[in-house]
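One letter stands for each residue in the lines below.
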Amino acid sequence: MSRLRLGMAGGGEGAFIGAVHRMAAALDGDWDLVAGAFSTDGGRNTRTGALLGLDPQRVYPTIDALIAHESTLPADQRIEALAVVTPNHLHAPMAIAALEAGFHVFCEKPMAMSVVEAEAIAAAAKASGRHFALAFTYSGFPMIEEARARVERGDFGAIRLVQVEYLQGWLSQSIDTDGNKQAEWRTDPARAGLGGCLGDIGTHAFQLAEHVSGLSVHSVSADLTTHVEGRRLDDDVSALLRFEGGARGTLKASQIAAGEENGLRLRIHGERGGLEWSQMEPNTLTLRWLDRPAEIVRTGGPGMLDATAPLVRTPAGHPEGYIEAFANLYRAFASAIRGDGKGWFPGVTDGLRTMRFIEAVIANAGADRKWTSINPGENE
């Protein structure tokens, strides 16, 4: 199969997530990066394109220039999809412009700055008939698919309890006012949106909880805190979750948990047993039972379900991690564009759900309410 042609908005010299997208897209040979508008800084933009070996004529000063010129190229030369790896405030305008021009979009999370913007993206994707993917990376891990499939087939019975936490410590000090560019925009309401920690990693936790459990959160009761003096957005989130069907859950996300790295952990329990997974040990899934000893399932090892096998690249014992999980999403995205229909990737539904979660948490934490519905119109 021929490789698909990818363009990129953002991700220039010094950025973190753009390089991750490029590595993930390249891993399985499905994508070639052929164009980009990497930075509004002309020098940085040019240097990034040169470093990546791109044709200088396809390194554009703006996203508008990229879309305009790529649209004029022959169908077998123009980009087929655009990766949007910018700060949050640019997600909606860039994604909508690309979709309306006929390009598929792979966007960083959160989906947008608000539910209204997210709904506009969803409408553009539907009208264009193009695919829209979101970088909820952790749902690409093989053991997450293993966990989801086991819950779906009823191994643990009716689900009663969902617990998810994502602990980081990198914002424990005021590095956002000391020149750290990654911290600076993530704590700026104009660029990050309504939530700080909530939007940055709380959305990862929420999406994972719903994706693996197969359940939708109905309402939240939340505490939203800013611990670092002078910081303009939250850096610590705690939420109680009520799921459709009666299950209960907790979500903890923090970027001021000093000493933590990327401590994403998920636990789900049903009437007969449960599971546990940690991103710091991603190739291990622990299963717990009422009537027999706990089991450990390893990526590529015996006992793994057939549905999980396509996500595994190496024999058991060879570590597969963050980049490989991300690559699984890019591979599924490519398959959808080609019409193969192999694999799954998070998209519009996940994006809308997480944006509604953000707004429900903020509404609940800022009002005298015990519970706030995540469903539109139910709090009016």
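Look up a bit, the structure's there.
Just so you know, these numbers come straight off a predicted model, no measurement behind them.

**Considering the packing of aromatic side chains**
And then number 1: Going through the model one piece at a time under the given rule, you end up with 14 aromatic pairs.
And then number 2: Between Trp 31 and Tyr 330, the ring centres sit 6.1 Å apart and the planes meet at 80°, which makes this aromatic pair edge-to-face. Of this pair, Trp 31 sits in strand S2 (residues 31-37) while Tyr 330 sits in helix H10 (residues 322-338), and the two are 299 residues apart along the sequence.
And then number 3: Residue classification places Trp 31 among the buried positions, given a relative accessible area of 3%.

**Examining the layout of surface pockets**
And then number 1: Within this model, the largest pocket holds a volume of roughly 1200 Å³.
And then number 2: Along the walls of the largest pocket sit 49 residues, with Ala 15, Phe 16, Gln 182, Trp 185 and Arg 186 positioned nearest its centre.
And then number 3: Mapped by element, the contributors of at least two residues to the lining of the largest pocket are helix H7 (181-186), helix H9 (197-213) and H10.
And then number 4: Here the lining of the largest pocket gets five residues from one element, more than from any other, and that element is H7.
And then number 5: Taken together, the residues of the lining of the largest pocket break down into 20 nonpolar, 18 polar and 11 charged.
And then number 6: Taken as a whole, the second largest pocket spans an internal volume of roughly 500 Å³.
And then number 7: Residue lining of the second largest pocket: 22 residues in total, with Pro 310, Leu 311, Lys 342, Gly 343 and Trp 344 positioned closest to the centre.

**Quick look at unusual backbone geometry**
And then number 1: Residue Pro 110 is bonded to the preceding Lys 109 through a cis peptide linkage, with omega at -5°.
And then number 2: Mapping Pro 110 onto the fold places it in the loop between strand S4 (104-107) and helix H5 (115-128).

**Section: the sheet that holds strand S10 (residues 263-270)**
And then number 1: In space, the nine strands of this open sheet follow the order S13-S12-S11-S10-S6-S9-S8-S7-S14, with mixed pairing throughout. For this open sheet the edge positions go to strand S13 (295-298) and strand S14 (372-373), each flanked by a neighbour on one side alone.
And then number 2: Of the strand pairs in this sheet, strand S11 (residues 273-278) and strand S12 (residues 284-289) are connected by five bridges, and their pairing is antiparallel. Following the sheet pairing, Gly 273 is matched in S12 by Trp 289.
And then number 3: The strands touched by H9 are strand S6 (159-167), strand S7 (217-225), strand S8 (236-243), strand S9 (248-254), S10 and S11; relative to S9, the strand with the most contacts, the crossing angle is about 150°.
And then number 4: Sitting on the sheet, helix H11 (residues 348-365) is in contact with S7, S8, S9 and S14, with an inclination near 55° to S7.

**Regarding the sheet that holds strand S5 (residues 132-134)**
And then number 1: A sheet is described by the order of its strands in space; here five strands give the open sequence S2-S1-S3-S4-S5, paired in parallel fashion. Sheet topology places S2 and S5 at the edges, where each strand pairs with a single neighbour. Going across the sheet, the axis of each strand differs from the next one's by a mean of 25°, ignoring polarity.
And then number 2: Summarising the sheet, S4 and S5 pair through three bridges and their orientation is parallel. When the bridges of S5 are listed, Phe 106 appears paired with Ala 133.

**Examining the packing of H5 against H11**
And then number 1: Across the interface, H5 lies against H11 with an axial gap of 9 Å and an inter-helix angle of 170°. Here H5 is positioned roughly antiparallel relative to H11, judged by the angle of their axes. Across from Val 115, Ala 118, Glu 119, Ala 122 and Ala 125 in H5, the residues of H11 making contact are Val 348, Leu 352, Met 355, Arg 356 and Glu 359.
And then number 2: For the contact of H5 with H11, a count of residues per class yields seven nonpolar, no polar and three charged.

**A short note on the pairing of S6**
And then number 1: Direction of pairing for S6 relative to S10: antiparallel, over a ladder of eight bridges. Bridge pairing in S10 links Ile 159 to Gly 270.
And then number 2: Relative to S9, S6 runs parallel, the two being bridged by seven bridges. For Leu 167, the partnering residue across the bridge sits in S9 and is Ser 254.

**Topic: the pattern of salt bridges**
And then number 1: Applying the stated criterion across every chain, the model contains 29 salt bridges.
And then number 2: A salt bridge links Arg 338 to Asp 30; its shortest N-O distance comes to 2.9 Å. Note that Arg 338 is positioned in helix H10 and Asp 30 in the loop between helix H1 (17-27) and S2, a separation of 308 residues in sequence.
And then number 3: Linking Arg 191 and Glu 184 is a salt bridge whose minimum nitrogen-to-oxygen distance equals 3.8 Å.
And then number 4: Here the residues in one salt-bridge network are Glu 146, Arg 150, Arg 153 and Asp 155, joined through shared partners.

**Points about the nonpolar core**
And then number 1: Counting residues in hydrophobic clusters, the biggest one holds 79 residues, and the most contacted among them are Ile 121, Phe 132, Leu 251 and Phe 357.
And then number 2: The biggest single contributor to this core is H9, with eight residues.
And then number 3: In terms of nonpolar packing, the next biggest core, distinct from the first, is built from 27 residues, Val 59, Val 85, Ala 135 and Ala 336 among them.

**Re the state of the cysteines**
And then number 1: For the structure shown, the criterion picks out zero disulfides.
And then number 2: Of all cysteine sulfurs, the one in Cys 197 lies closest to Cys 107, which takes part in no disulfide; the gap is 20 Å.

Parameters at a glance
- Residues numbered from 1 in each chain as written.
- Predicted model: local features only at pLDDT ≥ 70, side-chain atom pairs only at ≥ 80, totals over all residues.
- Heavy atoms only, no water.
- Phe/Tyr/Trp six-rings, centres within 6.5 Å; stacked < 30°, edge-to-face > 60°.
- Helix = DSSP H or I, 4+ residues; strand = E, 2+ residues; numbered from the N terminus.
- Buried < 20%, exposed > 50% of the residue type's maximum accessible area, 1.4 Å probe, protein only.
- 1 Å grid on protein atoms, 1.4 Å probe; cavity = no way out; pocket = protein on both sides within 12 Å on 5 of 7 lines; lining within 4 Å.
- Points joined across faces, edges and corners; volume = space filled by probe spheres on them.
- Nonpolar A, V, L, I, M, F, W, Y, C, P; charged D, E, K, R; others polar.
- Pairing = 2+ DSSP bridges.
- Contact = heavy atoms within 4.5 Å.
- Axes fitted to C-alpha atoms, helices over the stretch in contact; angles between N-to-C directions.
- Parallel < 35°, antiparallel > 145°, perpendicular 65-115°, else oblique.
- Salt bridge = Lys/Arg side-chain N within 4 Å of Asp/Glu carboxyl O.
- Core = buried A, V, L, I, M, F, W, Y, C linked by side-chain atoms within 4.5 Å.
- Disulfide = S-S within 2.5 Å.

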